[in-house]
Amino acid sequence: MAGARGSVVRSLRLVGQHVHKQHSREMSSSVGPQRKVTILGAAGGIGQPLGLLMKLNPLVTHLSLYDIAGTPGVAADISHCNTPAEVSGFAGDEDLGKALEGSDVVIIPAGVPRKPGMTRDDLFKINAGIVKTLCTAISQHCPEAIVNMISNPVNSTVPIAAEVFKKAGTYDPRKLFGVTTLDVVRARTFYAAKKGLNVRDVDVPVVGGHAGITILPLFSQATPYKPVEGDELEALTKRTQDGGTEVVQAKAGKGSATLSMAYAGAVFAEACLKGLNGEKGIVECTYVQSSVIPELPFFASKIRAYKFLDGGAEHNIHVGPKVIS
Ligand SMILES: NC(=O)c1ccc[n+]([C@@H]2O[C@H](COP(=O)([O-])OP(=O)(O)OC[C@H]3O[C@@H](n4cnc5c(N)ncnc54)[C@H](O)[C@@H]3O)[C@@H](O)[C@H]2O)c1
Ligand SMILES: O=C(O)C[C@H](O)C(=O)O
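Being a predicted model, the structure only gives us computed values, none of them experimental. (Residues numbered from 1 in each chain as written. Chains lettered and ligands numbered in written order. Predicted model: local features only at pLDDT ≥ 70, side-chain atom pairs only at ≥ 80, totals over all residues. Heavy atoms only, no water.)

1. Observations concerning the UniProt feature "domain: Lactate/malate dehydrogenase N-terminal" (unreviewed entry) in the chain
Reasoning step 1: As annotated by UniProt and renumbered to match this structure, "domain: Lactate/malate dehydrogenase N-terminal" (unreviewed entry) occupies residues 36–178.
Reasoning step 2: Between the C-alpha atoms that bound residues 36–178 there is a distance of 20 Å. The span itself is 40% helix and 20% strand. (UniProt positions renumbered as here; feature names shortened; annotations may be inferred. Helix = DSSP H or I, 4+ residues; strand = E, 2+ residues; numbered from the N terminus.)

As structure tokens, this is what we get:
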């Protein structure tokens, strides 16, 4: 009896999946290009809310969720949201290729987070190996994809990814981005609160990198512009630079920023998708291969996405107040 009920439940589930996929295809085919987004590390603290936000994004037609374990459950859960994106979950090494096949954008929040007292560099040893494995698979299964690197230390994981892609012969510097959007999100929030501005109207470019003093918010270029000087400038800069540590300490051993990072990751991934779809005027700060400062092969700066149609972004060589091309 229990066996029969089990098989009925399995059949119903299969029918349900079929109907869901059919429904998804019909809905998505009418709205725009087919875009597959893959999240590697999708069962983690960032991966789960990021998966949810990408499922809600109308530009995503297929959401592929991969982790070493736990992804079928996350995928089943997210797939019940009544938005068009088709969802698939993959777990374990043997499924990594299937998860990546055909991806337009791959987002990587796989790896260990900080605990109080640690720096992002303390994560290097373990996360470098994870990133190397995942990027090797990307070069084999979706060499054309845009890669959004979230795993820390971003200042190192991006150059590691670049080396892996170079070795595989698939490196395109216009398609590899270290996600520094959370620094921008924090700078906007703190600046708007300090200056009594509507946070929705505010922008603050953040350049440099994604660790400590390499995080450089440019309040002099904030819009709408209100002067920030002296102690106030120092305090706002420091709070932005220490934003990650503020969350790590508040979570007291239970990890680092996950929800605000998922939001930031979704904002940046959407910019990539819009760029891919040919939308004009998409500008984001991100950590990329750069010639802005000759001694620094990678540097976060403002990137305009208008070249995405050709498969990449064009650098902002002048990090000036208004010049972004
Ligand atoms: N760029 C940023 O601004 C930013 C912000 C916050 C966190 N981070 C970084 O993001 C990373 C993830 O943070 P989290 O809080 O989600 O951690 P987490 O431990 O909650 O989740 C990480 C996930 O990665 C998975 N994973 C580990 N090895 C993997 C592999 N080989 N393939 C696929 N998945 C694998 C784990 O199973 C886990 O589910 C950390 O390195 C953290 O420092 C970056
Ligand atoms: O601070 C961390 O370790 C996570 C992340 O880089 C952040 O800025 O929140």
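2. Focus: the site of ligand 2
Reasoning step 1: In the vicinity of ligand 2, the residues found are R114, R120, N152, L182, R186, H210, G244, S256 and A257.
Reasoning step 2: Within the side chain of R114, one N or O atom sits 2.6 Å away from an oxygen atom of ligand 2.
Reasoning step 3: Between N152 and ligand 2, the recorded distance is 2.8 Å, taken from a side-chain N or O atom to an oxygen atom.
Reasoning step 4: For ligand 2, the accessible surface in isolation is 260 Å², of which the surrounding protein chains cover 95%.
Reasoning step 5: Among the residues forming the shell around ligand 2, the class breakdown is 2 nonpolar, 4 polar and 3 charged. (Near = heavy atom within 4 Å. Polar contact = N/O pair within 3.5 Å; in protein donor to acceptor, adjacent residues only side chain to side chain. Areas by Shrake-Rupley, 256 points an atom, 1.4 Å probe, with all protein chains shown as cover. Nonpolar A, V, L, I, M, F, W, Y, C, P; charged D, E, K, R; others polar.)

3. Focus: the pattern of salt bridges
Reasoning step 1: In the structure shown here, the tally under the stated rule is 10 salt bridges.
Reasoning step 2: A salt bridge links D95 to K98, with the shortest nitrogen-to-oxygen separation between them at 2.9 Å.
Reasoning step 3: Residue K98 is classed as exposed on the basis of its relative accessible area of 52%.
Reasoning step 4: Here E163 and K166 are joined by a salt bridge, their closest N and O atoms 3.0 Å apart. Remark: K166 and E163 occur in helix α6 (residues 154–168); sequence separation between them is 3 residues, near one turn of the helix. (Salt bridge = Lys/Arg side-chain N within 4 Å of Asp/Glu carboxyl O. Buried < 20%, exposed > 50% of the residue type's maximum accessible area, 1.4 Å probe, protein only.)

4. A look at the packing of helix α7 (residues 181–195) against helix α10 (residues 259–276)
Reasoning step 1: Where α7 contacts α10, the axes come no closer than 8 Å and their chain directions differ by 110 degrees. The angle between α7 and α10 falls in the class roughly perpendicular. Viewed along their axes, α7 and α10 form a crossing whose handedness is right-handed. When α7 is examined against α10, the residues T181, L182 and V185 are found in contact with a partner set consisting of S260, M261, Y263, A264, V267 and F268.
Reasoning step 2: When the residues that make up the contact of α7 with α10 are grouped by side-chain class, the tally is 7 nonpolar, 2 polar and no charged. (Axes fitted to C-alpha atoms, helices over the stretch in contact; angles between N-to-C directions. Parallel < 35°, antiparallel > 145°, perpendicular 65-115°, else oblique. Left-handed = near helix turned anticlockwise from the far one by under 90°. Contact = heavy atoms within 4.5 Å.)

5. Re a nonpolar patch on the surface
Reasoning step 1: A contiguous nonpolar surface patch, about 340 Å² in accessible area, is contributed by L52, L53, L56 and Y263.
Reasoning step 2: Looking at the nonpolar patch element by element, the count peaks at 3 residues for helix α2 (residues 47–56).
Reasoning step 3: Tracing the sequence through the fold places L53 in helix α2.
Reasoning step 4: Overall, L53 belongs to the partly exposed group, its relative accessible area being 32%. (Patch = residues over 30% accessible without salt bridge, like charges linked within 9 Å, V, L, I, M, F, W, Y side chains within 5 Å.)

6. Topic: the UniProt feature "domain: Lactate/malate dehydrogenase C-terminal" (unreviewed entry) in the chain
Reasoning step 1: UniProt records the feature "domain: Lactate/malate dehydrogenase C-terminal" (unreviewed entry) for residues 180–305 in the present numbering.
Reasoning step 2: Within the segment residues 180–305, helix and strand shares are 43% and 16% respectively, and the terminal C-alpha atoms sit 16 Å apart.

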